[in-house]
Amino acid sequence: MTATVVKPLNFHPPADGEPWARLRREVTGDVLTDAASRGRYATDASIYQVEPLAVLVPASDDDVRIAMTFCAERGIPMLPRGAGSSQCGQTVGAALVIDHSKHLDRVVAFDADARTVTVEPGIVLDRLNGWLRRHGLWFPVDVSTSAQCTLGGMAGNNSCGSRSLAYGNMVHNVLAIDARLADGTQARFGPENDRADAPPRIRDLLGKLRALGARERDEIARVVPKVMRRVGGYNADVFNPQSERPYTSDGSINYAQLLVGSEGTLAWTRTLTLALAPLPAHRTLGVVNFRSLREAMDCAQHLVALAPSAVELVDRTMIELARANPAFRPVIEQALIDAPDAILLVEFTGEDAVSAQRQLGRLDALLGDLGLPGRLVKLADVAAQKALWEVRKAGLNIMMSLRGDGKPVSFIEDCAVPLAHLGEYVDRLTAIFTRHGTRGTWYAHASVGTLHVRPILDMRRDGAQKMRAIAEEAAELVRTYKGAFSGEHGDGLVRSEWVAWQFGPRLTKAFEEIKHLFDPAALMNPGKIVHATRMDDATLFRFPPTHRTLQVEPGLDWSSWNVQNDPMTGTLTAPGTGGDPAQGFAKAVEMCNNNGHCRKFDAGTMCPSYRVTRDEIHLTRGRANTLRLALAGAFGDDVASNEVRDALALCVSCKGCRRECPTGVDMARMKIEFEHQWQRTHGLPFGDRLIAWMPRWAPYATALAPLFNVRNRVPSLARWTERWTGIDARRSLPHWRGRTFLREHRGDVREDTTADVVLFVDTFTDRFEPENAHAAVAVLRAAGLRVSIAKPHDAGRSSRPLCCGRTFLAYGLIDEARREATRMLEALTPHVARGATVVGLEPSCLFTLRDEFLGMRLGGDAARVAEHALLIDAFIAREHAAGRLALALAPLPQRRALVHAHCHQKAFGAADDVLTALRLIPDLDVEAIESSCCGMAGAFGYHRDRYDVSMRMAELALLPAVRGAGDDTLIVADGTSCRHQIADATRTGNPREPMHAIRVLARALRNGGNA
Ligand SMILES: Cc1cc2nc3c(=O)[nH]c(=O)nc-3n(C[C@H](O)[C@H](O)[C@H](O)COP(=O)(O)OP(=O)(O)OC[C@H]3O[C@@H](n4cnc5c(N)ncnc54)[C@H](O)[C@@H]3O)c2cc1C
Ligand code: SF4
Ligand code: SF4
């Protein structure tokens, strides 16, 4: 079977029909055969792209069994997959891809005394460790992708974490694997003495493996690198261990360890039994400052003698990146002495705080002995330690967000060399980069000689040639120092051809025998580890030579992505000069490097639709890949294709990805662009037009408020309107108010050209909850501020109020939105020019000024207004911090407030401002709800097609927290739709009426608020 490569110019039609229709009938899970689904599974975090034949998302292990038999009977290759976060192309191939991450994620058995757990392959590491925490245990292979990577994938790659010095790699921590071979044989692979119970096929297999191991004993000793971080090839050294850290305590053979690191080429992992470790009682961190990177590298070998749990490098580029970020600057600066060229983060763990501290004392003394006195910063505080680890991670993220076609490419990123040679290795590899006109940033695992470095290469132009040249020269260095070419990320497509180089012809032949013994028909993930393709086979690249980009006339301004970069300096060319036929839209989409960070479940906002569906299509990555393929012409000559529409259908435009995606993929903005392209050719259905144009017809609804509000009281009317608007009859609609704030205050709150604050009252506040605007005026005035209400320049009795254009943007009506934005800028620019602050109440409206306005080609005024526009909580927090806020507040009858921040507040780092503002109220205990999107998201949750998903999003964290709060707890939410979701969902049972934070503050005014 030859590889079917995705060629966007000539994308294959759906591979439906026999045999897949038959498989679909036989399994309970999903069999995906359409072009877009296969395209989404054609990539991982590598530079490669190969279209799978089909994708199975099994509902059970039995589905996998059926599928494997089905494939074996027909000679169809199979490719197991977890989160698809591999960096080397392990999970791309022309096969039936079997994605275990959605359903196969249970804990199967747990033994606290023996400290073991047995899990299905799809369980995510952070989730497992969250589950184990209550038992004081953890699985300590702490890879950076712990929030999304699956244990099955970790075993497949023999993954290693930052603390591998203390705990080893996966191979040191997997006790047994229940596996299924391609021919359907099931067996437990574990310690040698389990062999007696095995079926004949397995007994025969293990016997032959053992004979092979005995035969190759000397060769194994001769060629396998004697470093702990060696993950290339098969672990043939289970028969003659070469790792610095023993595989088993008594030197016996454990066959599960042969499956670890086999990258899905030998067998399917059904369950894994893992060794657990006690959670360290105390951690302490020492930061050693160095004058040069070389000095740091030469020192690493001495530091590991103190038995730390981690020694991690941060080089000067990363230090500078962190310093340039206002949020990280104080964190990194507290760890620095003067201006170091590199720092090493040295972590110790101990049973008690005293012993951990004692270790730091020993580190200090050692540095003195090494002639490096006064270079240590001690961080005993847990929060400070955590913050510094975050900075290290963020530094990498900033590096990865480089715009232009040159990208940091992972192919020699994890060579491992003995510590004694680390300094020399870094110097010589840096010289190689310079000779090839590129550079790399160094970071990570100094403790085990595995430094990460990614040279910047342009894989659409000369990247492939440079990659080979650099790889060959780096390989020579690795050979000189007797290191491992693959020390962490495995072989996949980028390094399997180097297996022969690393292990020599004899052991390579032995690896082929191992493969044949397990999988004689060569059906399991072919082309990885053995029988490899070349790393620089450009037909397998994500951007193959045939790649093209459609000509697109975008509605938004994407020119800042349409640039190229200088690999040596990182300097970008001028916006608009990158040569993108889609004027930067395609290059913005291509920023997704498939690292899979958006698959995380627990922390942050991103990505709510994935959290409830767990489908690749409803993931930021899935959306970016679909868009990328569409822009490459995979679904026809129009980017406005049904495939993209389907992928974006459940995107709630929460902007979580804008902040949390390491490369800044801003899918909310991309959705606006897509909707723009779509409505240009397809138009908008009536229901969508109704919502988009709501600010324009709102005055009529206000005038006829009692009539409009009838729908909420008459179920048959709600059902009738559902038919022609799409608005779900189960939803109540916001209540139209006859007396709006702007109408009421038209006369008495005049535009004041000396005002400190200009209050922007958006359509939602004005029409549905005018009391919020009244509360804002009361609080701001109580603070002694002069307040003016933002009014259009053409303000007269008949003119319509100002509007940010949010509803138009949601439906891609960019021209209408631009018209509204222009009116806003005309009204607000004079105020900001004289130093006033524009303050808003509704997060989605206010952040439109700070975000979308900047991408609508509105000129310099947009930037000036954006700079001076703040949500009211942020304004109060800022003025309080500056000592300019004189607000007399009294305790409230309620002593607790639970706060749900709007997604856009979270996306702009403004969620804490609500807490800060509310904490000004004496005796009020203010707590944030750790929630993602509320699920309502503007009009998203009102639609009948999205109601269920909307409610599931709310049920993830928000609604359980609200229901768990006592009646004496205030529920606070600044977003109109968030408040509505909470009120709507709690209508039956114990109804809750959440409030905007400004109303809570107004209630606490000593002189009595009007809220
Ligand atoms: C930004 C970034 C940081 C990273 N940091 C680290 C790090 O610190 N340490 C590290 O070791 N790696 C790291 N990686 C690489 C990768 O995240 C890890 O190897 C991870 O453990 C892979 O897990 P996964 O679920 O994504 O597996 P996948 O990528 O889906 O699969 C990995 C391999 O396992 C095989 N496999 C999956 N499921 C099964 C199964 N049921 N049976 C048999 N074989 C199976 C696959 O075929 C594939 O060969 C990083 C990657 C990125 C993008
Ligand atoms: S969208 Fe962002 S977080 Fe998700 S895979 Fe792409 S780059 Fe990573
Ligand atoms: S905007 Fe929100 S829902 Fe849409 S892709 Fe980004 S994180 Fe997911």
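Analysis parameters
- Residues numbered from 1 in each chain as written.
- Chains lettered and ligands numbered in written order.
- Predicted model: local features only at pLDDT ≥ 70, side-chain atom pairs only at ≥ 80, totals over all residues.
- Heavy atoms only, no water.
- Helix = DSSP H or I, 4+ residues; strand = E, 2+ residues; numbered from the N terminus.
- Rg over C-alpha atoms; globule rule 2.2 N^0.38 Å.
- Buried < 20%, exposed > 50% of the residue type's maximum accessible area, 1.4 Å probe, protein only.
- Contact = heavy atoms within 4.5 Å.
- Areas by Shrake-Rupley, 256 points an atom, 1.4 Å probe, with all protein chains shown as cover.
- Lys, Arg positive; Asp, Glu negative; His and termini not counted.
- Charge placed at Lys NZ, Arg CZ, Asp CG, Glu CD.
- Phe/Tyr/Trp six-rings, centres within 6.5 Å; stacked < 30°, edge-to-face > 60°.
- Lys NZ or Arg CZ within 6 Å of the ring centre and 35° of its normal.
- Axes fitted to C-alpha atoms, helices over the stretch in contact; angles between N-to-C directions.
- Parallel < 35°, antiparallel > 145°, perpendicular 65-115°, else oblique.
- Nonpolar A, V, L, I, M, F, W, Y, C, P; charged D, E, K, R; others polar.
- Patch = residues over 30% accessible without salt bridge, like charges linked within 9 Å, V, L, I, M, F, W, Y side chains within 5 Å.
- Salt bridge = Lys/Arg side-chain N within 4 Å of Asp/Glu carboxyl O.
- Near = heavy atom within 4 Å.
- Left-handed = near helix turned anticlockwise from the far one by under 90°.
- Pairing = 2+ DSSP bridges.
- pLDDT = per-residue confidence, 0-100.
- Disulfide = S-S within 2.5 Å.
- Arc of directions from axis to C-beta.

1. Things to note about the overall build of the protein chain
- From N to C terminus, the protein chain includes 42 helices and 26 strands.
- Relative to its length of 1011 residues, the protein chain is compact, with a C-alpha radius of gyration of 30 Å against a globular reference of 30 Å.
- Along the longest, intermediate and shortest principal axes, the C-alpha atoms of the protein chain span 95 × 70 × 55 Å.
- Burial statistics for the protein chain: of 1011 residues in total, 63% are counted as buried.
- Intrachain contacts of the protein chain at a sequence separation of at least 6 include 74% that bridge at least 24 residues.
- For the protein chain, the accessible surface area stands at approximately 36,300 Å², while carbon and sulfur atoms represent 51% of it.
- Each charge class in the protein chain can be summarised by its mean position, and for the 122 positive and 118 negative side chains these summaries are 3 Å apart.

2. Observations regarding the environment of proline 280
- Tracing the sequence through the fold places proline 280 in the loop between β11 (277-278) and β12 (282-290).
- In the structure, proline 280 is positioned 420 residues away from tyrosine 700 in sequence and 64 Å away in space, judged by C-alpha atoms.
- What proline 280 contacts, discounting residues up to four positions off in sequence, is Trp138, Tyr167 and Thr349.

3. Details of the packing of aromatic side chains
- For the structure on display, the rule yields 26 aromatic pairs.
- One aromatic cluster in this structure is built from Trp697, Phe708, Trp736, Phe764 and Phe768.
- Sitting over the face of the ring of tyrosine 942, arginine 731 holds its NZ or CZ atom 6.0 Å from the ring centroid.

4. Considering the packing of helix α7 (residues 200-215) against helix α18 (residues 497-518)
- Axis separation between α7 and α18 bottoms out at 10 Å; the angle between their running directions is 175°. By the criterion of interaxial angle, the relationship of α7 to α18 is roughly antiparallel. When α7 is examined against α18, the residues Arg201, Leu205, Lys208, Leu209, Leu212 and Arg215 are found in contact with a partner set consisting of Arg506, Ala510, Glu513, Ile514, Leu517 and Phe518.
- In the contact of α7 with α18, the residues fall into 7 nonpolar, no polar and 5 charged.

5. Comments concerning a nonpolar patch on the surface
- The grouping of Phe686, Trp720 and Trp724 at the surface amounts to a nonpolar patch, some 320 Å² of accessible area in total.
- Within the secondary structure, tryptophan 724 sits in helix α28 (residues 715-725).

6. Quick look at the environment of serine 788
- Looking at the secondary structure, you find serine 788 in strand β21 (residues 787-789).
- In this structure the C-alpha to C-alpha distance between serine 788 and phenylalanine 760, which are 28 residues apart in sequence, comes to 9.0 Å.

7. So, the site of ligand 3
- Around ligand 3 sit 13 residues in total, of which Cys607, Arg623, Cys651, Cys654 and Cys657 are the nearest.
- Secondary-structure elements contributing two or more residues to the shell around ligand 3 are α21 (620-631) and α24 (667-682).
- Taken together, the residues of the shell around ligand 3 break down into 9 nonpolar, 2 polar and 2 charged.

8. Let's talk about the packing of helix α33 (residues 814-833) against helix α35 (residues 860-867)
- Viewed as axis vectors pointing N to C, α33 and α35 meet at an angle of 60°, and their least axial separation amounts to 9 Å. The pairing of α33 with α35 is recorded here as oblique in orientation. The two elements α33 and α35 meet at a crossing, and its hand is left-handed. In contact with Leu825, Leu828, Thr829 and Val832 of α33, α35 contributes Asp861, Ala862, Arg864 and Val865.
- Residue composition of the contact of α33 with α35, grouped by class: 5 nonpolar, 1 polar and 2 charged.

9. Some words on the pattern of salt bridges
- For the structure on display, the rule yields 75 salt bridges.
- Aspartate 204 is the salt-bridge partner of lysine 208, the closest N and O atoms lying 3.2 Å from each other. Here lysine 208 and its partner aspartate 204 are both found in helix α7, 4 residues apart, which amounts to about one turn of the helix.
- Note that arginine 230 and aspartate 237 form a salt bridge whose closest N and O atoms lie 2.9 Å from each other.
- By relative accessible area, aspartate 237 is classed as buried at 1%.
- The network of salt bridges with shared partners includes Asp405, Asp458, Arg460, Arg461, Lys587 and Glu590.

10. Structural notes on the sheet that holds strand β26 (residues 969-973)
- Spatial strand order, β25-β24-β26: 3 strands in an open sheet with parallel pairing. At either end of the open sheet lies a strand with only one pairing partner, and these are β25 (925-928) and β26. Averaged over all adjacent pairs, the angle separating strand axes in this sheet is 25°, with direction ignored.
- Relative to β26, strand β24 (residues 896-900) runs parallel, the two sharing 5 bridges. Pairing of valine 899 across the sheet is with valine 972, part of β26.
- Against the sheet, helix α38 (residues 911-918) touches β24, β25 and β26, its axis set at about 170° to β25.

11. Let's talk about the confidence of the model for the protein chain
- Scored by pLDDT, the protein chain comes out at a mean of 93, with 96% of its residues at no less than 70.
- Scored below 50 in pLDDT, residues 1-14 makes 47 contacts in the model with residues more than four places away or belonging to other chains.

12. Overview of the pairing of strand β20 (residues 757-760)
- Burial along β20 is two-sided: the face carrying Val757 and Leu759 and the face carrying Val758 and Phe760 are both buried.
- Bridge count for β20 against β21 is 3 bridges, and the pairing is parallel. Looking at β21, one finds that valine 758 is bridged to serine 788.
- The pairing of β20 with strand β22 (residues 837-840) spans 4 bridges and is classified as parallel.

13. Some remarks on the state of the cysteines
- Under the criterion given, the structure shown has 0 disulfides.
- No disulfide involves cysteine 160; its sulfur sits 11 Å from the nearest other cysteine sulfur, which is in cysteine 88.
- Overall, the relative accessible area of 3% leaves cysteine 160 in the buried class.

14. Concerning the sheet that holds strand β13 (residues 310-315)
- Reading across from one edge, β15-β12-β14-β13-β17-β18 is the order of the 6 strands in this open sheet, with antiparallel pairing throughout. Looking at which strands have only one partner, the edges of the open sheet turn out to be β15 (376-379) and β18 (450-453). Looking at each pair of strands side by side, their axes are set apart by 20° on average, direction ignored.
- Looking at chain direction, β13 and strand β17 (residues 442-445) are connected through 3 bridges and run antiparallel. Following the sheet pairing, leucine 313 is matched in β17 by alanine 444.
- The strands touched by helix α10 (residues 293-303) are β12, β13, β14 (342-350), β17 and β18; relative to β14, the strand with the most contacts, the crossing angle is about 20°.
- Along the sheet face, helix α13 (residues 353-369) touches β12, β14 and β15 and points at about 15° away from the line of β12.

15. What about α38?
- Where burial is concerned, most of α38 is hidden: 6 out of the 8 residues are buried.
- For α38, the complete set of buried residues consists of Ala911, Asp913, Val914, Leu915, Ala917 and Leu918.
- Lining the buried residues of α38 we find α36 (872-881), β24, α37 (903-907), β25, β26 and α42 (997-1003).

16. Observations regarding α28
- Among the residues of α28, Ala718, Thr721, Glu722 and Thr725 are the ones counted as buried. The buried side chains of α28 occupy one side of the element, clustering within an arc of 115° when seen end-on. Turned more than 90 degrees away from the buried face of α28, the exposed residues are Arg719 and Arg723.
- Buried residues along α28 sit in contact with α25 (686-692).

17. Describing the side chain of glutamine 148
- With respect to the element layout, glutamine 148 can be found in the loop between β7 (137-138) and α5 (151-157).
- When neighbours within four sequence positions are excluded, glutamine 148 is seen to be in contact with Ala83, Val124, Asn595, Gly596, His597, Arg599 and Lys600.

18. Side note on unusual backbone geometry
- In the segment running from methionine 606 into cysteine 607, the intervening peptide bond is cis, with an omega of -15°.
- Relative to the assigned elements, cysteine 607 resides in the loop between α19 (585-589) and α20 (608-613).
- Although it is not a glycine, asparagine 158 sits at a positive phi angle of roughly 50°.
- Positive phi, normally seen in glycine, also occurs at alanine 937, with a value near 45°.
- Turning to its location among the elements, alanine 937 is positioned in the loop between β25 and α39 (947-956).

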